[in-house]
Amino acid sequence: MSMADRDRAVLWHPYTQMLHAPAPVAIARAEGVWLYTEDGRRILDGISSWWVNIHGHAHPKLNAALAAQARELEHVVFAGCTHRPAVELAERLIEILPKGLARVFYSDNGSTAVEVALKLAVQYWRNLGQPNRRTIVTLHNAYHGDTVGAMSASEDSVFTRAFEPLLFRVERVGNLEALETSLRKSVAAVLIEPMLQGAGGMIVWPAEFVAGVRRLCDRYKTLLIADEVLTGFGRTGKMFACEHAGITPDIICLSKALTAGYLPLGVTATTGRVYDAFLSDDRAKTFFHGHSYTANPLACAVAVASLDLFRDEAVLTKVSRLERQLRAGFESLRKLGDVRVIGGVAAVELASDKPGYLDQIGPRLAAAFLERGLLLRPLGNVVYFMPPYCITESETAWALEQIGHVLG
Ligand SMILES: Cc1ncc(COP(=O)(O)O)c(C=O)c1O
């Protein structure tokens, strides 16, 4: 039996209607931007394996860091114990995060990083004696993950509708004026994906908007949470998307490229002011949250090795080169719909009668790209290309050519 057949007998895939799904592509190994299939084909990873990979697959330095850490310490409980990879990663993050972020709380993935942020924000006000400040304000088209809190904060959509009875109410706004109206209520925090909303359709926001959100949060003395799960670690051309607007959020959520695509790890980092609100003789003010694999040493060690690559190999220069090539390459797609490019992400929103994630055009296009050796997963009628930063100019040119062929 083929791997795909064995898979079909026992597995249930994410975001997949198993009744109609095409046979999964069985990947045997990967290197750089290339995935190699069980049956000997080569496919370019045009979505960085769900936006996590940045330096390429099976990177020798990351592999070495992982193997070395496995020989020393694979895991240990993080309540009451600590270890070098966790401490070193936190120190290194605080050095590069927007100034003012001073404390690192680890969890397991992007959704948990957001859950932690939401829980911190609500408990922050409670600890300060303002328990009624508990409304969360988010943006239309937001996507923050698939756990219940993260879903509540996300746009009401096909992703969340079945779970509606479980979700809490949030205020959703689409511009600064609406945000200001919302902020007159008792708001615990404003949660945004700075500069780029990913799963909501690769929507690019101006830096002035992000700066405006910070200004209003200051004026109304509420917390700003930046969900940089997708945008963190160079994806928008800056190390963190908040840098485009020159702002520091009160809380930042990181995951995905944090470990360069190797292992799941989440970070929720806060300012000293947020952290201080949890220091008390009253034990009820403790932040009661944690996961079995909190601060997994293997994941932390790879994350540190990834930051070493940023330091040693001018990685952000690669992203700006990629951005220039994407801008030029997507120019000719303007005739098909709205084109949006930021950092290492390029998208075209195709004109559609039924825009949105369930637009049938997405799976059809994905099959056509795959046929040509390019792995893309359009978000409904939004086709995007988000390769690992290590992609070469000629590989990018080849991928752009395939996109042109399929869409043209
Ligand atoms: C902005 C944003 N936040 C949170 C998440 C959830 O991350 P995870 O899939 O690791 O739970 C995602 C995932 O796509 C994301 O794009």
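Residues numbered from 1 in each chain as written. Predicted model: local features only at pLDDT ≥ 70, side-chain atom pairs only at ≥ 80, totals over all residues. Heavy atoms only, no water.

### Some points on the site of the ligand
Alright, step 1. Taken together, Trp51, Asn109, Gly110, Ser111, Tyr143, His144, Gly145, Glu193, Asp227, Val229, Leu230 and Lys256 make up all the residues around the ligand.
Alright, step 2. Interatomic distance of 3.5 Å between a side-chain N/O atom of Asn109 and an oxygen atom of the ligand.
Alright, step 3. Interatomic distance of 2.9 Å between a backbone N/O atom of Gly110 and an oxygen atom of the ligand.
Alright, step 4. Bound to the protein, the ligand loses 83% of the 390 Å² it would expose on its own. (Near = heavy atom within 4 Å. Polar contact = N/O pair within 3.5 Å; in protein donor to acceptor, adjacent residues only side chain to side chain. Areas by Shrake-Rupley, 256 points an atom, 1.4 Å probe, with all protein chains shown as cover.)

### Concerning the packing of helix α4 (residues 84-96) against helix α11 (residues 297-312)
Alright, step 1. Orientation of α4 relative to α11, taken along the N-to-C sense of each, is 35°, at an axis distance of 8 Å. As for how α4 packs across α11, the hand of that crossing is left-handed. Every residue of α11 that contacts α4 at Pro85, Ala86, Glu88, Leu89, Arg92, Leu93 and Ile96 is listed here: Pro297, Cys300, Ala301, Ala303, Val304, Leu307, Asp308 and Arg311.
Alright, step 2. Its residues assigned to classes, the contact of α4 with α11 comprises 11 nonpolar, no polar and 4 charged. (Axes fitted to C-alpha atoms, helices over the stretch in contact; angles between N-to-C directions. Helix = DSSP H or I, 4+ residues; strand = E, 2+ residues; numbered from the N terminus. Left-handed = near helix turned anticlockwise from the far one by under 90°. Contact = heavy atoms within 4.5 Å. Nonpolar A, V, L, I, M, F, W, Y, C, P; charged D, E, K, R; others polar.)

### Considerations on the pairing of strand β7 (residues 187-192)
Alright, step 1. For β7, a buried count of 6 out of 6 residues is recorded, marking the element as mostly surrounded by other parts of the structure.
Alright, step 2. Judged from the 4 bridges that link them, strand β5 (residues 135-139) and β7 form a sheet pairing that is parallel. The residue of β7 that forms the bridge with Thr135 is Val187.
Alright, step 3. The sheet contact formed by β7 and strand β10 (residues 223-227) spans 4 bridges and is parallel. Residue pairing in the sheet places Leu191 in a bridge with Ile225 of β10. (Buried < 20%, exposed > 50% of the residue type's maximum accessible area, 1.4 Å probe, protein only. Pairing = 2+ DSSP bridges.)

### Description of a nonpolar patch on the surface
Alright, step 1. Taken together, the side chains of Val148, Phe163 and Leu166 make up a nonpolar region of the molecular surface, amounting to roughly 260 Å² of accessible area.
Alright, step 2. By the element assignment, Leu166 lies in the loop between α6 (148-153) and β6 (171-173).
Alright, step 3. A residue is classified by how much of its surface remains accessible, and Leu166, at 55% relative accessible area, is exposed. (Patch = residues over 30% accessible without salt bridge, like charges linked within 9 Å, V, L, I, M, F, W, Y side chains within 5 Å. Salt bridge = Lys/Arg side-chain N within 4 Å of Asp/Glu carboxyl O.)

### Looking at the side chain of His57
Alright, step 1. In this structure, His57 sits in the loop between α2 (48-51) and α3 (60-72).
Alright, step 2. Here the side chain of His57 touches Asp45 through a polar contact of 2.8 Å, side chain to side chain.
Alright, step 3. When near neighbours in sequence (up to four residues on either side) are disregarded, His57 contacts Ala30, Glu31, Gly32, Leu35, Asp45 and Ser49.

### Focus: the nonpolar core
Alright, step 1. The biggest cluster of nonpolar side chains holds 95 residues, and the ones touching the most others in it are Leu89, Val190, Met202, Phe233, Phe330 and Phe385.
Alright, step 2. Considering each element in turn, this core owes the most residues, 9 residues, to α11.
Alright, step 3. Counting residues in each nonpolar core, the second largest holds 25 residues, with Leu120, Tyr124, Ala150 and Ala277 among its members. (Core = buried A, V, L, I, M, F, W, Y, C linked by side-chain atoms within 4.5 Å.)

### Brief notes about the pattern of salt bridges
Alright, step 1. Going through the model one piece at a time under the given rule, you end up with 21 salt bridges.
Alright, step 2. A salt bridge links Lys61 to Glu313, with the nearest nitrogen and oxygen atoms 3.7 Å apart. Of this pair, Lys61 sits in helix α3 while Glu313 sits in the loop between α11 and α12 (315-331), and the two are 252 residues apart along the sequence.
Alright, step 3. With relative accessibility at 32%, the residue Glu313 sits in the partly exposed group.
Alright, step 4. Among the ionic contacts, a cluster of salt bridges with common partners joins Arg92, Asp308, Arg311 and Asp312.

### Details of the layout of surface pockets
Alright, step 1. Put simply, the second largest pocket is a space of about 690 Å³.
Alright, step 2. Around the second largest pocket, the lining comprises 25 residues; the ones closest to its centre are Phe78, Val104, Phe105, Tyr106 and Tyr275.
Alright, step 3. Counting residues per element, the ones that place at least two in the lining of the second largest pocket are α4, β4 (101-107), β12 (266-271) and α10 (272-276).
Alright, step 4. Sorting elements by how many residues they give to the lining of the second largest pocket places β4 first, with 4 residues.
Alright, step 5. Of the residues belonging to the lining of the second largest pocket, the class tally is 15 nonpolar, 9 polar and 1 charged. (1 Å grid on protein atoms, 1.4 Å probe; cavity = no way out; pocket = protein on both sides within 12 Å on 5 of 7 lines; lining within 4 Å. Points joined across faces, edges and corners; volume = space filled by probe spheres on them.)

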